[in-house]
Amino acid sequence: MSRRRRWFVFWTALIGLVLLIAVAADWDDIMRTGLDPKEPFQTYTPPPAPNYAKVSAWALLPSAPDHSQSSDPPADIFFIHPTTFDGGHHWNGPIDDAGAQRLLERVMLPNYAGPFARVGRVFAPRYRQASLYAHMTLREDARAARIFAYGDVLAAFRFYLAHFNQGRPIVLVGVEQGGLLADRLLREEVDGSADLAARLAAAYLIDAIIPARPYEGPLPITACIRRDQAHCVVGWMSAPLSDPGHAKELLSRAMVWQADDELANLSADQEALCVNPLLGALTNREAPAKLNLGAANASELEWGVRPAFLPRQVSAQCVGGILRVSHPRSASLRPASRWPDKYKAPGNNVFYADLEADAMKRVATYLGRAEFPQMAAPIERNIIVHSSPIHRVN
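Residues numbered from 1 in each chain as written. Predicted model: local features only at pLDDT ≥ 70, side-chain atom pairs only at ≥ 80, totals over all residues. Heavy atoms only, no water.

Observations concerning the overall build of the chain
Across its full length, the chain holds eight helices and 13 strands. By residue count, 54% of the 394 residues in the chain fall in the buried class. Across the chain, every contact between residues at least 6 apart in sequence was considered, and the portion connecting residues at least 24 apart equals 79%. Just so you have it, the chain exposes about 17700 Å², and 55% of that area is on carbon and sulfur atoms. (Helix = DSSP H or I, 4+ residues; strand = E, 2+ residues; numbered from the N terminus. Buried < 20%, exposed > 50% of the residue type's maximum accessible area, 1.4 Å probe, protein only. Contact = heavy atoms within 4.5 Å. Areas by Shrake-Rupley, 256 points an atom, 1.4 Å probe, with all protein chains shown as cover.)

In structure tokens form, the structure reads like this:
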């Protein structure tokens, strides 16, 4: 190879390396720009509203939703799913987006609704969720998209109460943005009604920053301080024990509901709710890994199939309102590799068995029993996943 050619190859490689480094440094900004709808929310036309009288508007629904059967578990689970829609053309995702549905049904439902499948009949509405991009910016458009999503959840909850619940105990579960929406549902609907508050066996606000203030309705709902307590809230936002900076960033960017039903940053004098799922209690005490009943990676499992549990995977401790979780030991619980998935709820659940046992104990307490009642038949026969038709959106 001639000297001139060697220099040409050298400088070409060097320039390519510099460009690669520059792209890597700005990768987050590049990806976020690609997800930006590039349209003000005020002029944005959202996707069609779900009709909760139709089966296609529900991701999970019992086989006989309007009446319970003798083989059904004793409670109802109203489950609000986390973010599965990335963004692009929409601030709020269509309920029939193919990619979002796939992530919901194959990953999020098995991992996060799965722990409650033996506790109650599961009702999981599809809703026009705020896009992933809406959670990456503090712009007013993004706040409007999150507030908009609550309208669907409220409509689904009211339809569920009117047509399906029939006075049964309720366990409210929300994950990530679903946790934020569940918090408002608790404050406005459940806590505002003595009848609904009395029916609330427990609420789980998972991986969501919620102010640690009581729900001051006719029957005040408080944070859970022990495992054998019903009519209370289990909630936390987790961060890796090895990354204290991430915990601070979560708190600095957290958006919470204000008295005027608007979203604003968590103020410096507001403490975030942190109930340790390994202890089932509002405490700053460290829970060692030996208390971890079982982590699980339930992704791709059919609904109703119980995953293999991996016990003693993580320790957890509430520090400054954030649940600091140790790195799990198993490779099957590794973090997501795709860029968008790094900003969503993990594709596994390190507290799977702990949540199942916790919910069973609280429902048993609600029913005045020492132990959760054993059902006559496997409940997976009574719960099915419904996929709605796919309509591609340009």
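Observations concerning the sheet that holds strand 11 (residues 316-319)
If you trace the three strands from one edge of the open sheet to the other, you get 8-12-11, paired in mixed fashion. Here the strands that pair on one side only, and so sit at the sheet edges, are strand 8 (238-240) and strand 11. Sheet twist, expressed as the average angle between the axes of neighbouring strands with direction ignored, equals 35°. With three bridges joining them, strand 8 and strand 12 (residues 322-325) adopt parallel strand pairing. The residue of strand 12 that forms the bridge with A239 is R324. (Pairing = 2+ DSSP bridges. Axes fitted to C-alpha atoms, helices over the stretch in contact; angles between N-to-C directions.)

A look at the confidence of the model for the chain
Overall, the prediction assigns the chain a mean pLDDT of 88, with 85% of residues at 70 or greater. The low-confidence segment residues 18-27, where pLDDT is below 50, has two contacts with residues more than four positions distant or belonging to other chains. Below pLDDT 50 for its whole length, residues 376-385 participates in 31 contacts with residues either more than four positions away or in separate chains. (pLDDT = per-residue confidence, 0-100.)

Thoughts on the nonpolar core
In this structure, W58, F78, L186, Y204 and F351 are the most contacted members of the largest nonpolar core, which totals 90 residues. Top element by residues in this core is helix 4 (residues 140-165). It accounts for nine residues. Counting 10 residues, the second-largest nonpolar core is a separate cluster that includes I209, M237, A239 and A247. (Core = buried A, V, L, I, M, F, W, Y, C linked by side-chain atoms within 4.5 Å.)

Some thoughts on helix 5 (residues 177-190)
Over its 14 residues, helix 5 extends 18 Å from the first C-alpha to the last, a length consistent with the 20 Å expected when each residue adds 1.5 Å. Here helix 5 lies mainly inside the structure; 13 of its 14 residues are buried. (Expected span 1.5 Å × (residues − 1).)

Details of the packing of aromatic side chains
The final tally for this structure, using the stated rule, is 16 aromatic pairs. Taking 6.4 Å as the distance between ring centres and 75° as the angle between the ring planes, the aromatic pair formed by W58 and F123 counts as edge-to-face. Placement of W58 in strand 1 (residues 58-62) and of F123 in strand 3 (residues 120-125) is noted, with a sequence separation of 65 residues between them. Of the two residues, W58 and F123, both sit in the buried class. By the ring-pair criterion, three or more aromatic residues cluster together here, those being Y52, W58, F78, F123, F157, F159, Y160 and F164. Here R184 stacks its cationic end above the ring of W257, 4.6 Å away from the centre of that ring. (Phe/Tyr/Trp six-rings, centres within 6.5 Å; stacked < 30°, edge-to-face > 60°. Lys NZ or Arg CZ within 6 Å of the ring centre and 35° of its normal.)

Regarding the state of the cysteines
Inspection of every chain in the model, using the stated rule, returns two disulfides. What pairs with C224 in a disulfide is C232, and their sulfur atoms sit 2.1 Å apart. An S-S torsion of about 95° defines the bridge between C224 and C232 as right-handed. Summarising the burial analysis for this pair, C224 and C232 share the class buried. Bridging C274 to C318, the disulfide has an S-S length of 2.1 Å. With the S-S bond torsion at -85°, the cross-link from C274 to C318 turns out left-handed. Highlighted residues: C274 in the loop between strand 10 (263-265) and strand 11 and C318 in strand 11, separated in sequence by 44 residues. Take C274 and C318: they sit in the same class, and that class is buried. When the cysteines of the chain that form disulfides are numbered from the N-terminus onward, they connect as 1-2, 3-4. (Disulfide = S-S within 2.5 Å.)

What about the environment of A357?
Mapped onto the fold, A357 is located in helix 8 (residues 352-366). For A357, a relative accessible area of 31% corresponds to the partly exposed category. Sequence-wise, A357 and V119 are 238 residues apart; in three dimensions their C-alpha atoms are separated by 9.1 Å.

Points about the side chain of D36
As for its placement among the helices and strands, D36 is situated in the loop between helix 2 (27-35) and strand 1. A residue is classified by how much of its surface remains accessible, and D36, at 16% relative accessible area, is buried. Here Y133 takes part through its side chain, which lies 3.2 Å from a polar atom of the side chain of D36. At 3.2 Å, the side chain of D36 and the side chain of R139 are in polar contact. Excluding residues within four positions of it along the chain, D36 makes contact with G88, W91, Y133 and R139. (Polar contact = N/O pair within 3.5 Å; in protein donor to acceptor, adjacent residues only side chain to side chain.)

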